[in-house]
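Commentary on secondary and tertiary structure
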Amino acid sequence: GAVVSQHPSWVICKSGTSVKIECRSLDFQATTMFWYRQFPKQSLMLMATSNEGSKATYEQGVEKDKFLINHASLTLSTLTVTSAHPEDSSFYICSASSPGSSYEQYFGPGTRLTVT
Amino acid sequence: AQSVTQLGSHVSVSEGALVLLRCNYSSSVPPYLFWYVQYPNQGLQLLLKYTSAATLVKGINGFEAEFKKSETSFHLTKPSAHMSDAAEYFCAVSQRRNTGGFKTIFGAGTRLFVKA
């Protein structure tokens, strides 16, 4: 149980284009989803927290107009990187939690974004 | 503010030897503590968690960790390393936000190498 999927697993896009990454909880309802960014050989950095049906909460220093997050249902959250630049290239990981999970998160497999 | 410090970015052990990965945390309230493992190009998998129950926590794959409040530590151990244990390990602390929900802070990670 508690499986989270991400799509695509990797994507290459040209500078200036937008890319959408999907995060789905497959066998549970995720009231909260988190989006992280991970640079090579570094730790995870929380970008934003999204709750179903409400606006995402962005961490300090994360541009909300550049990283658009939508959590339209209890099983789906999307991250759209708008007007991508090479510096946006990174590994993006989502996670999901459900009520009463004692702060436990279930992580997706990650999406490798390369902007050329 | 909460924080997590993992001592040693790299740890190398021989197969069959003891694994010890160190983690110290700071938290103003009783913490929820986690150890996650990450294999290359994958998301994070929960090894174990501490949620204010027993101080010695047993996890998957033979790992365990002991919560020591006086030392603000949550070190991860395994009696006998296996080649398949080679991976990146992250210690994390979660805490409730004043605005609701919770936030997780990850340590910088420790890469474990296992020598044959």
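The structure under discussion appears in the preceding block.
Report follows, based on the coordinates.

**Structural notes on the side chain of D85(B)**
All names here are of chain B. Structurally, the position occupied by D85 is in the loop between β8 (73–78) and β9 (87–96). When its relative accessible area of 3% is taken as the criterion, D85 is described as buried. Those residues in contact with D85, other than ones at most four positions away along the chain, are F63, K78, S80, L112 and V114.

**Observations regarding the interface of chain B and chain A**
Accessible area lost during the coming together of the parts is what is often quoted as the interface size. Every contact between the two is made by 22 residues of chain B and, on the other side, 21 residues of chain A. Both faces combined, the contact of chain B with chain A buries some 1800 Å², and carbon together with sulfur accounts for 55% of it. In terms of surface lost to chain A, no three residues of chain B exceed L44(B), F102(B) and F106(B), which account for 30% of the buried area on that side. Seen at the junction of chain B and chain A, the total is three salt bridges. Of the charged contacts in the structure, one is a salt bridge between E104(A) and K49(B), with a shortest N-O distance of 2.4 Å. Broken down by secondary-structure element, the contributors of at least two residues to the side of chain B that touches chain A are β4 (32–38), β5 (44–50), β9 and β10 (102–106) of chain B. Looking at the side of chain B that touches chain A residue by residue, the classes come out as nine nonpolar, nine polar and four charged.

**Concerning the pattern of salt bridges**
Across all of its chains, the model carries eight salt bridges over all chains by this definition. A salt bridge links E59(A) to K103(B), with the nearest nitrogen and oxygen atoms 2.7 Å apart. In this pair, E59(A) is assigned in the loop between β6 (57–58) and β7 (67–73) and K103(B) in strand β10, connecting two distinct chains. Overall, E59(A) belongs to the buried group, its relative accessible area being 11%. Exposure remark for K103(B): the relative accessible area of 22% places this residue in the partly exposed category.

Cut-off values and rules
- Residues numbered from 1 in each chain as written.
- Chains lettered and ligands numbered in written order.
- Predicted model: local features only at pLDDT ≥ 70, side-chain atom pairs only at ≥ 80, totals over all residues.
- Heavy atoms only, no water.
- Helix = DSSP H or I, 4+ residues; strand = E, 2+ residues; numbered from the N terminus.
- Buried < 20%, exposed > 50% of the residue type's maximum accessible area, 1.4 Å probe, protein only.
- Contact = heavy atoms within 4.5 Å.
- Buried area = accessible area lost by both parts, 1.4 Å probe.
- Salt bridge = Lys/Arg side-chain N within 4 Å of Asp/Glu carboxyl O.
- Nonpolar A, V, L, I, M, F, W, Y, C, P; charged D, E, K, R; others polar.

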